[in-house]
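Chain by chain, the residues run as shown.
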Amino acid sequence: MAAPAYPAWVTRWVSGQWRNKKRPPTLRPSRPLALADKVANRREQLTEATCITEMSVMMACWKQNDFNDAPCAEEIRMFYDCVAKAEKERKNQNEDSLSSRGNLPSSKVNKLLKRFPQMTRYV
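Please read these numbers as outputs of a predicted model, since none were measured by experiment.

1. Observations regarding the packing of aromatic side chains
Then, number 1: For the structure shown, the criterion picks out 1 aromatic pair.
Then, number 2: Judged by centre distance (5.8 Å) and plane angle (50°), the ring pair of Phe 79 and Tyr 80 falls under tilted.
Then, number 3: Take Phe 79: its relative accessible area is 15%, and that puts it in the buried class.

Structure, rendered in C-alpha cells:
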C-alpha cells in the first residue's frame, strides 16, 4: 500500500525545515472566514403520516360497495375529521420554539442573518 501524498509544505514542516525560523508557515483560507448570507431550507423534522387507519377503513368500505359514497358516509366523515384535527395540531405548533435538538429552524436562521448581515470590511 502506497503512502498518502501530502502537499510539499507539510513534508517540509514535519521534516523540521521551518524550525530555524521558529514559526510554521501561515495558512491562508481560500475564502474569507464569514458566515453565508443564508442557509439551505431544510425540513425541521420528519413528519409521520397521520390518519392512516381512517383512510384504510374508508378505502375498504369503498371497495366493498363498488366505490359508492352513500354507504360509506360515516367512514368518509371520520377520515375528514381526522385530517382536520391533524392540520389544526400542525398549525398550532409554536414555530418560535426551538426544535427538540435545540437548533433553530432554517427559516429563523435566515431571518436572523438578514437582520444582522455580515460585515465585509472593517471600519
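2. Looking at the UniProt feature "domain: CHCH" (unreviewed entry) in the protein
Then, number 1: Within the UniProt annotation, "domain: CHCH" (unreviewed entry) is assigned to residues 51-84.
Then, number 2: Secondary structure content for residues 51-84 is 74% helix and 0% strand, and the end C-alpha separation is 10 Å.

3. A short note on the environment of Pro 71
Then, number 1: Residue placement: Pro 71 occurs in the loop between α2 (52-64) and α3 (73-92).
Then, number 2: With 10 residues separating them along the chain, Pro 71 and Cys 61 place their C-alpha atoms 8.0 Å apart.
Then, number 3: Filtering out sequence-adjacent residues up to four positions away, Pro 71 remains in contact with Cys 61 and Asn 65.

4. Here's the deal with the nonpolar core
Then, number 1: Cys 51, Met 58, Cys 61, Cys 72, Ile 76, Phe 79 and Cys 82 form the largest nonpolar core, which has 7 residues in total.
Then, number 2: Put simply, the parts of the chain that give this core at least two residues each are α2 and α3.
Then, number 3: When residues in this core are grouped by element, the largest group, 3 residues, is from α3.
Then, number 4: Ignoring anything within four residues of it in the chain, the contact list for Cys 51 reads Phe 79, Cys 82 and Val 83.

The rules we used
- Residues numbered from 1 in each chain as written.
- Predicted model: local features only at pLDDT ≥ 70, side-chain atom pairs only at ≥ 80, totals over all residues.
- Heavy atoms only, no water.
- Phe/Tyr/Trp six-rings, centres within 6.5 Å; stacked < 30°, edge-to-face > 60°.
- Buried < 20%, exposed > 50% of the residue type's maximum accessible area, 1.4 Å probe, protein only.
- UniProt positions renumbered as here; feature names shortened; annotations may be inferred.
- Helix = DSSP H or I, 4+ residues; strand = E, 2+ residues; numbered from the N terminus.
- Contact = heavy atoms within 4.5 Å.
- Core = buried A, V, L, I, M, F, W, Y, C linked by side-chain atoms within 4.5 Å.

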